[in-house]
Amino acid sequence: MANLTPTPERPGLHVSKSSPNTPATGSAVCHCGASATAKGDSQVKALVEGYTANHGSAHNRTGR
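Residues numbered from 1 in each chain as written. Predicted model: local features only at pLDDT ≥ 70, side-chain atom pairs only at ≥ 80, totals over all residues. Heavy atoms only, no water.

Student: Please explain the overall build of the protein as it appears in this structure.
Tutor: Scanning the protein from terminus to terminus reveals 1 helix and 3 strands. The buried share among the 64 residues of the protein stands at 23%. When contacts within the protein are restricted to residue pairs at least 6 apart in sequence, those whose partners lie at least 24 apart make up 20%. Put simply, the protein shows about 4,400 Å² of open surface, and 54% of that area lies on carbon and sulfur atoms. (Helix = DSSP H or I, 4+ residues; strand = E, 2+ residues; numbered from the N terminus. Buried < 20%, exposed > 50% of the residue type's maximum accessible area, 1.4 Å probe, protein only. Contact = heavy atoms within 4.5 Å. Areas by Shrake-Rupley, 256 points an atom, 1.4 Å probe, with all protein chains shown as cover.)

Student: Even after reading the chapter, I still don't get the nonpolar core, so can you show me in this structure?
Tutor: Across soluble globular proteins, nonpolar side chains show a tendency to be buried alongside one another. Ranked by size, the top nonpolar core spans 7 residues in total: Ala24, Ala28, Cys30, Ala38, Val44, Leu47 and Tyr51. No other element matches helix α1 (residues 41-54), which puts 3 residues into this core. Residues in contact with alanine 28, not counting those within four places in the same chain, are Pro6, Gly12, Leu13, Ala34, Ser35, Ala36, Leu47 and Tyr51. (Core = buried A, V, L, I, M, F, W, Y, C linked by side-chain atoms within 4.5 Å.)

Interpretation in functional terms is not warranted from these geometric data alone.
Now the structure itself:
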C-alpha cells in the first residue's frame, strides 16, 4: 500500500485507526505550509475539525 501521509508536495489529511481499541492517529499538511499531527481520538477529531475549518479547501493555494 502506498504511504498516505501528507507531505508539502502532497498536502492533505490522513487519519488512521487500526482497531476500535487503539487510539486514532492523524496528520495534516496544507499547501500554505501549516502542518500538525495528533494521537488519540479526541485530539484527532480536533485536528480534522481545525484542518477542515482553516486549511485545505478553506482557502486558496496562495494561502489567503
